[in-house]
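# Observations on the three-dimensional arrangement
Residues per chain, in single letters:
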Amino acid sequence: MTRNVGKVDRLLRIVVGLAVLSLMFVGPQTMWGLLGLIPLGTALVGWCPPYALLGINTCGTKSSPTS
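So, a few notes on the structure that sits alongside this text. Given the structure is predicted, the values throughout are model-derived calculations rather than measurements. For every chain, the first residue of its written sequence is number 1, and the numbers climb from 1 along that sequence. pLDDT decides what is reported in this predicted model: residues at 70 or higher carry local features, side-chain atom pairs at 80 or more are listed and counted, and totals for whole chains, interfaces and linings draw on all residues regardless. Neither water nor hydrogens contribute to the side-chain values; these are computed over all heavy atoms in the structure.

## Comments concerning helix α2 (residues 37-45)
- Exposure classes here rest on a 1.4 Å probe applied to the protein chains alone. A residue is buried below 20% of its type maximum, exposed above 50%, and partly exposed in between. Each helix is a run of H or I in the DSSP string that is no shorter than four residues. Each strand is a run of E no shorter than two, and both are numbered from the N terminus. Where α2 is concerned, the buried positions are Pro39, Leu40, Thr42 and Ala43. Angularly, the buried residues of α2 cover 170° about the axis, an arc narrow enough to put them on a single face. Away from the buried face of α2 by more than 90 degrees, exposed residues Ile38 and Leu44 are located.
- Buried-residue contacts for α2 involve α1 (7-21) and α3 (49-54).
- In the segment just after α2, glycine 46 is the residue with positive phi, at about 85°. Relevant arc is that of directions from the helix axis to the C-beta atoms, nothing else. Note on definitions: a residue-residue contact is assigned when non-hydrogen atoms from the two residues lie within 4.5 Å.

Written out as C-alpha cells, the structure is:
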C-alpha cells in the first residue's frame, strides 16, 4: 500500500472525521457518528481504497533530478 492521501487531504479528513464522530455525543446522538472513523482511519494510514481504485493520488510526486 503506497500512500495516496496528501497532507492537506489528511488534515481535512481528520477535521471531518472528528466532526462526524462528535455526532455520537452531541446532536442526534446516533450510531451513524461511527462513520467518522472511516476518514480518521484513512487519514492516519495515509491510504484510501477508493482513491487507489480510481487512480487518484493527492500526495504529489517527487521529481527525480535530471543530470
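This is not the end of the story, as more comes after the structure.
## Observations regarding the side chain of arginine 13
- Relative to the elements of secondary structure, arginine 13 occurs in helix α1.
- Residue contacts for arginine 13: discarding those within four places in its chain leaves Val5, Pro39, Leu40, Thr42, Ala43, Cys48 and Tyr51.

## Notes on the environment of asparagine 57
- Take asparagine 57: it is sitting in the segment after α3.
- Here asparagine 57 falls in the partly exposed class, since its relative accessible area comes to 42%.
- Note: C-alpha distance between asparagine 57 and threonine 2 (55 residues apart in sequence) is 9.8 Å.
- Residues contacting asparagine 57, with those up to four places away along its chain left out, are Arg3 and Asn4.

## A closer look at the side chain of asparagine 4
- Here asparagine 4 shows up in the segment before α1.
- Sequence-distant contacts of asparagine 4, that is, excluding residues within four places in its chain, are made with Gly46, Trp47, Cys48, Tyr51, Ala52, Ile56, Asn57, Thr58 and Cys59.

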